[in-house]
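The chain contents come next:
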Amino acid sequence: MKKILLPALFVIAISGVTHAQVKNLLTKAKEKVSAATGTSSLSNTDIASALKEALNKGVSEQVTKLTAVDGFYKNQAVKILMPEELQMVDKKLRQIGMGSLADEGIKLLNRAAEDAVKESTPIFVNAITNMSFTDAKNILMGADNSATTYLQNTTTTPLYGKFSPVVKNSLDEVGATEVWKKIITKYNSLPLVTKVNPDLTDYTTNKALEGVFKMIAVEEKDIRNDINSRTSDLLKKVFALQDSK
């Protein structure tokens, strides 16, 4: 826009035109910019629709990956490791030749998270559907993770409520509860250690939530910064507004 406006201002400065003529010149310059960027006809509905499309894309392309076998376990960005309070447990088990038991315990936590995330899509769809025009505009012109933050603020509580019982059931069904009982019992029987009794359901549920939002943020960043990730004309037109901010 500056490339168009600066020559116009230069002409104004040397020609002594009237105020009305100045206003007319600037209006025409802005119209040319809008026509060039294809954003002049964008409505509130367009902006909201594009943000909803972007969020749905993030959910479908990234969250779905997490529900597959090894979706958490083999994704180093979101893999669930031992809880902090059990880091010493992991170390001790490996010292006494029980590293395989520790590895199995970690794998089963990730399996539970993969099961739980399958419950997330309806909750995300509801939050996206109810997005207001104001939400959409704030997200569009906000930080690289504004859409992800919107979903965190609107879905974390219902997601936790859905994830927690699934995680608990999954830990029971795959035998993780028994594996972890063995791990913790073995550790607590060692001399000179501080006894532990972690809430693995709560821990795994929160880690599953972290993983979900982390992967949505990845997709959001791609759409904002990589034009090739804008896979529809609407996404291209609306996010061009963000590019010019």
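To be clear, the structure that these remarks concern was listed above.
Residues numbered from 1 in each chain as written. Predicted model: local features only at pLDDT ≥ 70, side-chain atom pairs only at ≥ 80, totals over all residues. Heavy atoms only, no water.

I tried to follow the packing of helix α4 (residues 87–95) against helix α5 (residues 99–117) on my own but got confused; where do I start?
Helix-helix packing: each pair is described by the crossing angle between the helix axes and the interaxial distance. Their axes nearest at 7 Å, the elements α4 and α5 cross at an angle of 145°. Seen from α4, the contacting residues are Asp90, Leu93 and Arg94; seen from α5, they are Gly99, Ala102, Asp103 and Ile106. Considered class by class, the residues forming the contact of α4 with α5 number three nonpolar, one polar and three charged. (Axes fitted to C-alpha atoms, helices over the stretch in contact; angles between N-to-C directions. Helix = DSSP H or I, 4+ residues; strand = E, 2+ residues; numbered from the N terminus. Contact = heavy atoms within 4.5 Å. Nonpolar A, V, L, I, M, F, W, Y, C, P; charged D, E, K, R; others polar.)

Help me understand the pattern of salt bridges, please; the structure alone is not making it clear to me.
Pairing of side chains with opposite charge becomes possible as their charged atoms draw close. Enumeration according to the criterion identifies 10 salt bridges in this entry. Where Lys57 meets Glu61, a salt bridge forms, and the shortest distance between an N and an O atom there is 3.5 Å. Separated by four residues within a single helix, Lys57 and Glu61 lie in helix α3 (residues 44–66), roughly one turn from each other. On the basis of relative accessible area, Lys57 is assigned to the buried category, the value being 10%. Between Glu219 and Lys57 there is a salt bridge, with its nearest N and O atoms 2.6 Å apart. With Glu219 in helix α10 (residues 200–225) and Lys57 in helix α3, this residue pair connects regions lying 162 residues apart in the sequence. By the burial criterion, Glu219 is buried, and Lys57 matches it. Put simply, Asp70, Lys74, Arg111 and Glu114 are held in one network by salt bridges that share partners. (Salt bridge = Lys/Arg side-chain N within 4 Å of Asp/Glu carboxyl O. Buried < 20%, exposed > 50% of the residue type's maximum accessible area, 1.4 Å probe, protein only.)

What exactly am I supposed to notice about the side chain of Glu114 here?
The residue Glu114 is located in helix α5 in this model. For Glu114, a relative accessible area of 2% gives the class buried. A polar atom in the side chain of Glu114 sits 3.3 Å from the backbone nitrogen of Tyr73. (Polar contact = N/O pair within 3.5 Å; in protein donor to acceptor, adjacent residues only side chain to side chain.)

What should I look at first to understand the side chain of Thr155 in this one?
Relative to the assigned elements, Thr155 resides in helix α8 (residues 146–173). Every residue in contact with Thr155, bar those within four places of it in the chain, is listed here: Ile123, Phe124, Ala127 and Phe213.

What's the story with helix α9 (residues 176–188) in this structure? I'm lost.
One turn of an α-helix holds 3.6 residues; hence residues three or four places apart share an orientation. Counted at 1.5 Å a residue, the expected span for α9 with its 13 residues is 18 Å, and the 18 Å between its end C-alpha atoms agrees. The complete set of buried residues in α9 reads Ala176, Val179, Trp180, Ile183, Ile184, Tyr187 and Asn188. Here the buried residues of α9 occupy an arc of 160° about the axis, which is enough to place them on one side. Seen from the buried face of α9, the exposed residues on the opposite side, beyond 90 degrees, are Lys181 and Lys182. Here the buried face of α9 lies against α4, α5, α8 and α10. (Expected span 1.5 Å × (residues − 1). Arc of directions from axis to C-beta.)

Just to check I follow, could you spell out the packing of helix α6 (residues 121–129) against α8 for this structure?
Taken N-terminus to C-terminus, the directions of α6 and α8 make an angle of 150°; their axes are 10 Å apart at the nearest point. With respect to α8, the element α6 is oriented roughly antiparallel. Classified by chirality, the crossing of α8 by α6 is right-handed. Judged by residue contacts, Ile123, Phe124, Ala127 and Ile128 of α6 engage Tyr150, Leu151, Thr154, Thr155, Pro158, Leu159 and Lys162 from α8. The class makeup of the residues in the contact of α6 with α8 is eight nonpolar, two polar and one charged. (Parallel < 35°, antiparallel > 145°, perpendicular 65-115°, else oblique. Left-handed = near helix turned anticlockwise from the far one by under 90°.)

What is the right way to read helix α7 (residues 133–140) from this model?
Residues of α7 that are buried: Ala136, Ile139 and Leu140. With its buried residues spanning 95° around the axis, α7 presents them on a single face. Of the residues in α7, the exposed ones pointing more than 90 degrees away from the buried face are Thr134 and Asn138. Against α3, α8, α10 and α11 (233–243) lie the buried residues of α7.

I keep staring at empty space enclosed by the protein and nothing clicks. Help me out?
Rolled over the atoms, a probe with the dimensions of a water molecule shows which regions are left empty. Applying the stated criterion to the full structure yields one cavity of 30 Å³ or more. Volume-wise, the largest cavity comes out at about 90 Å³. Leu51, Ala54, Leu55, Gly58, Ile139, Ala147, Ile216, Glu219, Glu220, Ile223, Arg224 and Phe239 are the residues that line the largest cavity. Among the elements that take part in the lining of the largest cavity, α10 stands out by supplying five residues, more than any other. Taken together, the residues of the lining of the largest cavity break down into eight nonpolar, one polar and three charged. (1 Å grid on protein atoms, 1.4 Å probe; cavity = no way out; pocket = protein on both sides within 12 Å on 5 of 7 lines; lining within 4 Å. Points joined across faces, edges and corners; volume = space filled by probe spheres on them.)

Would you mind showing me how to read the packing of aromatic side chains here?
Inspection of every chain in the model, using the stated rule, returns one aromatic pair. With 6.1 Å between their ring centres and 85° between their planes, Phe124 and Phe213 make a pair best called edge-to-face. Within this pair, whereas Phe124 is found in helix α6, its partner Phe213 is found in helix α10, the two being separated by 89 residues in sequence. The pair Phe124 / Phe213 is uniform in exposure class, with both members buried. Between Lys79 and the ring centre of Tyr73, over which it is positioned, the NZ or CZ distance is 4.6 Å. (Phe/Tyr/Trp six-rings, centres within 6.5 Å; stacked < 30°, edge-to-face > 60°. Lys NZ or Arg CZ within 6 Å of the ring centre and 35° of its normal.)

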